Amino acid sequence: RTYDIAVIPGDGIGKEVMPEGVRALEAAASRFGFSVRQQWHDFASCDYYARHGTMMPEDWKQRLGRPSALFFGAVGWPDTVPDHVSLWGSLLQFRREYDQYVNLRPVRLMEGVPCPLAGRKPGDIDFWVVRENTEGEYSSVGGRMFPGTAREIVLQETVMTRHGVDRILRFAFDLASKRPRKLLTSATKSNGIAITMPYWDERVEAISAEYPDVSHNKFHIDILTANFVLKPQIFDVVVGSNLFGDILSDLGPACAGTIGIAPSGNINPEGDHPSLFEPVHGSAPDIAGQNVANPIGQVWSAAMMLDHLGEADAAAAIMSAIETVLKEPGLRTRDLGGRASTTDCGKAIADAIRTA
Ligand code: NAI
Ligand code: MG
């Protein structure tokens, strides 16, 4: 087995954590007998913007070719390029052009990671957040009338299509069906948003008929966010529209500790287009260039990527290597109260993958 991986480090600490993500990939490949062909790209970065006046070349799709997946670091350097320019010119192009309609994030409390929720121990928090990534509240349907006057009207529509809603719900039910608890929780607000959200609820009921072994429930988004903090143990897989999923997919990982370890996938499940895996964090200009960033978010993203590519054993080995390293105070980075450098931590994870 050979996988072609487009490696795009981006900006800031993306350039520091990416080599550690790749080190883990290579360790897993040699241990589990597959190979990884890497194609590194310097675009989708603010450096590229400084040289070319654009975040990506016109022909970026041709340059990427047909990779098995995209492995992404972080993009953004607000001192030189405004964030909406860097993000819209890069990541959002991939998500859109490659129809990566699932945004997937695990929420798992690990030993060695301080939990901001009082009294929680590893095992108490272990669920997935599934966000719809292409439609819903983030539409461009709307406009502004009478700008600057007292009669000003601003309007933006939520767009839900049966195709779009059903496919994200099927992905979420499918994921739940593969978990021991088999419980899907849907984020709604059908008491206040009285047209689109009742439709979402209706489709949850309709699709649930295809998954008789999965139980499901729903919460309004307001109490759902409260429950992420108060009762995180009740969740298994949580699915939300674009806006609700956006909120939950930041809140969830925050409830399970540092942003430096959280990974994410932007997934096209059918494989019509490549999927993209990246840490949740950004380019962290405040600590960039010091070799102190936590590489675990990038490494965990490598595990999600391998799982997506069908290398479940390799993914599991990376996860157990992360757990091993987190248990060792001397191998923790500064954000976890340790003194290990990015490279120390990354090398320790790669060693643990080889010997696990
Ligand atoms: P950020 O995630 O880069 O940093 C937030 C805080 O967390 C900072 O104090 C940083 O030092 C810390 N942090 C982040 N990752 C860490 C790691 N691996 N290890 C240790 N500490 C870590 O978010 P911020 O500061 O809001 O954004 C900085 C830039 O990143 C902006 O240009 C923003 O647009 C971009 N960004 C890009 C994302 C992406 O590429 N997906 C996601 C979020 C932000
Ligand atoms: Mg967000």
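Residues numbered from 1 in each chain as written. Chains lettered and ligands numbered in written order. Predicted model: local features only at pLDDT ≥ 70, side-chain atom pairs only at ≥ 80, totals over all residues.

A. Spatial organisation of the packing of helix α11 (residues 312–326) against helix α12 (residues 342–355). Look at α11 against α12: their axes get within 8 Å of each other, and the N-to-C directions meet at 125°. The pairing of α11 with α12 is recorded here as oblique in orientation. The chirality of how α11 crosses α12 is right-handed. Residues A317, I318, A321, I322, T324 and V325 of α11 pack against C345, A348, I349, A352 and I353 of α12. Residues belonging to the contact of α11 with α12 are distributed by class as follows: 10 nonpolar, 1 polar and no charged. (Axes fitted to C-alpha atoms, helices over the stretch in contact; angles between N-to-C directions. Helix = DSSP H or I, 4+ residues; strand = E, 2+ residues; numbered from the N terminus. Parallel < 35°, antiparallel > 145°, perpendicular 65-115°, else oblique. Left-handed = near helix turned anticlockwise from the far one by under 90°. Contact = placed C-beta atoms within 7 Å. Nonpolar A, V, L, I, M, F, W, Y, C, P; charged D, E, K, R; others polar.)

B. Representation of the pairing of strand β8 (residues 183–188) in the model. When you tally the buried positions in β8, you get 5 out of 6 residues, the bulk of the element. Bridging between β8 and strand β9 (residues 215–220) involves 6 bridges; their strand directions are parallel. Its bridge partner being in β9, T188 is matched across the sheet by H220. Handedness of the crossover joining β8 and β9 through helix α7 (residues 196–208): right-handed. Two strands pair when backbone bridges link them, and β8 and strand β10 (residues 237–240) are joined in this way by 3 bridges, in the parallel orientation. Across the sheet, residue L184 finds its bridge partner in β10, namely V237. (Buried ≥ 20, exposed ≤ 12 C-beta atoms within 10 Å, placed from the backbone. Pairing = 2+ DSSP bridges. Right-handed = clockwise from strand over helix to strand, strands pointing away.)

C. Representation of helix α1 (residues 14–32). Between its terminal C-alpha atoms α1 stretches 26 Å, which fits the 27 Å expected from 19 residues at 1.5 Å a residue. Residues of α1 that are buried: G14, E16, V17, M18, E20, G21, V22, R23, A24, L25, A27 and A28. Count one or two residues on from α1 and you reach G33, which has phi positive near 75°. (Expected span 1.5 Å × (residues − 1).)

D. Representation of the site of ligand 1. As a matter of local geometry, ligand 1 sits amid 23 residues, with G76, G260, H281, G282 and N294 nearest to it. By residue class, the composition of the shell around ligand 1 is 12 nonpolar, 7 polar and 4 charged. (Near = placed C-beta within 6 Å.)

E. Representation of the packing of helix α10 (residues 296–308) against α11 in the model. Their axes nearest at 7 Å, the elements α10 and α11 cross at an angle of 160°. Judged on the interaxial angle alone, α11 and α10 are roughly antiparallel. Helix-helix and strand crossings are classified by hand; for α10 and α11 the assignment is left-handed. Residues I296, V299, W300, A302, A303, L306 and D307 of α10 touch α11, and the partners they reach there are A312, A314, A315, I318, M319 and I322.

F. Region of interest: the environment of V239. Among the secondary structure elements, V239 is positioned in strand β10. Among the residues examined, V239 registers 28 C-beta atoms within 10 Å and is labelled buried. For V239 and L306, which are 67 residues apart along the polypeptide, the C-alpha to C-alpha distance reads 23 Å. Those residues in contact with V239 that lie beyond four places of it in its chain are V130, I168, L169, A172, L184, S186 and A187.

G. Just the confidence of the model for the protein, in detail. On average, the protein scores 96 in pLDDT, and the residues at 70 or more come to 100%. Here the prediction assigns the complex a pTM of 0.95, and the interface score ipTM is 0.98. (pLDDT = per-residue confidence, 0-100.)

H. Region of interest: unusual backbone geometry. Despite not being glycine, A44 has its phi angle at roughly 60°, a positive value. Within the secondary structure, A44 is located in the loop between β2 (35–40) and α2 (46–52). Here A44 falls in the buried class, since 27 other C-beta atoms lie within 10 Å of it. In this model, D99 sits at a positive phi of 45°, which is unusual for a non-glycine residue. Within the secondary structure, D99 is located in the loop between α5 (91–97) and β4 (102–108). For D99, a count of 16 C-beta atoms within 10 Å puts it in the partly exposed group.

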